[in-house]
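# Fold and geometry: a report
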Amino acid sequence: MAVGIFDSGLGGLTVLDAVAKRLPDMPLAYYADSAHAPYGVRDADDIYDLTTKGVSRLWEAGCDLVILACNTASAAALRRMQESWIPREKRVLGVFVPLIEALTERQWGDNSPPREVAVKHVALFATPATVSSRAFQRELAFRAIGVDVEAQACGGVVDAIEDGDLILAEALVRSHVDALKRKMPNPEAAILGCTHYPLMQDVFQDALGAEVEVYSQANLVAESLADYLTRHPNMYGSGTESMFLTTGDPAKVSNGATQFLRRRIEFVKA
Ligand code: DGL
């Protein structure tokens, strides 16, 4: 049994960490497409090609179920993959839905019509590709009415995190929060719509102010995966080993991952 976790780089490790805590006995195969990160500045066809390649590699590693721990791939490629690419016995799940279910106070899989919810003003921070896809607003509209979403494309933040330049990442986050606040001065909630951003969550919270509730995906995705596997026990794949695969330089990616997760992580070439 093994579950695959896919991201363009280090950001999906925030999801991997939460899943490893929630399902400690589950082998996890992680794929970081570091050679092609960031995805957030690529077009949809390019993101689709890279994502299907990475997910195929995780099928080979013995996973039947892959989590796209990447909002950009979830926004730009997942629907197309589900329509025509994923074999019948495999599953690929994105990271938007658990977050939107939490924001709209829904139970998992509640497909009732959209309704009014408590939060009215929501700030969305995401990559340029995720923002321009409007996938978050589309998923939200299936579940809630009357929510005003202001999206801020956070150019440069993923590159700075991948390069380990956290001083630059912090400066960029603060300037993106300022830009958002000029458009929406008083958001009630903020969504970190990129799995890299929880690595900067304290900076987002500090720049937004303590009164803004900041939602990030890692724990929500881990809970929803645990629930999914209880309902679909046949989706545990045949793989038995945890592994960390990268298309980039394994030594550099291992160092970045070790710094972020504060435990030794060894990547190998994908
Ligand atoms: N961590 C990813 C996301 O959630 C990808 C960011 C990128 O590669 O630009 O969107």
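See the structure printed just above.
Residues numbered from 1 in each chain as written. Predicted model: local features only at pLDDT ≥ 70, side-chain atom pairs only at ≥ 80, totals over all residues. Heavy atoms only, no water.

Counting 55 residues, the largest nonpolar core has Leu13, Phe125, Tyr197, Phe204 and Phe267 as its most contacted members. Examining the composition of this core, we find that 7 residues originate from one element, helix α11 (residues 218–231), more than from any other. Beyond its immediate sequence surroundings of up to four residues, leucine 13 is in contact with Tyr30, Phe244, Ala257, Leu261 and Phe267. With 24 residues, the next largest nonpolar core counts Tyr31, Trp59, Ala61 and Leu78 among its residues. (Core = buried A, V, L, I, M, F, W, Y, C linked by side-chain atoms within 4.5 Å. Buried < 20%, exposed > 50% of the residue type's maximum accessible area, 1.4 Å probe, protein only. Helix = DSSP H or I, 4+ residues; strand = E, 2+ residues; numbered from the N terminus. Contact = heavy atoms within 4.5 Å.)

This part is about the pattern of salt bridges. One pass over the structure, following the stated rule, counts 13 salt bridges. The salt bridge partner of lysine 120 is glutamate 116, with a shortest N-O separation of 2.9 Å. Judged by relative accessible area, which is 56%, glutamate 116 ranks as exposed. Note that aspartate 206 and arginine 174 form a salt bridge whose closest N and O atoms lie 2.9 Å from each other. In this pair, aspartate 206 is assigned in helix α10 (residues 201–208) and arginine 174 in helix α9 (residues 166–183), connecting sequence segments 32 residues apart. Classification of aspartate 206 as exposed rests on a relative accessible area of 51%. Put simply, Asp17, Lys21 and Arg263 are held in one network by salt bridges that share partners. (Salt bridge = Lys/Arg side-chain N within 4 Å of Asp/Glu carboxyl O.)

What follows concerns the state of the cysteines. One pass over the structure, following the stated rule, counts 0 disulfides. With no disulfide partner, cysteine 63 has as its closest neighbouring cysteine sulfur the one in cysteine 70, 17 Å distant. For cysteine 63, a relative accessible area of 0% puts it in the buried group. Between cysteine 154, a cysteine without a disulfide, and cysteine 194, which holds the nearest cysteine sulfur, the sulfur-to-sulfur distance is 8.3 Å. (Disulfide = S-S within 2.5 Å.)

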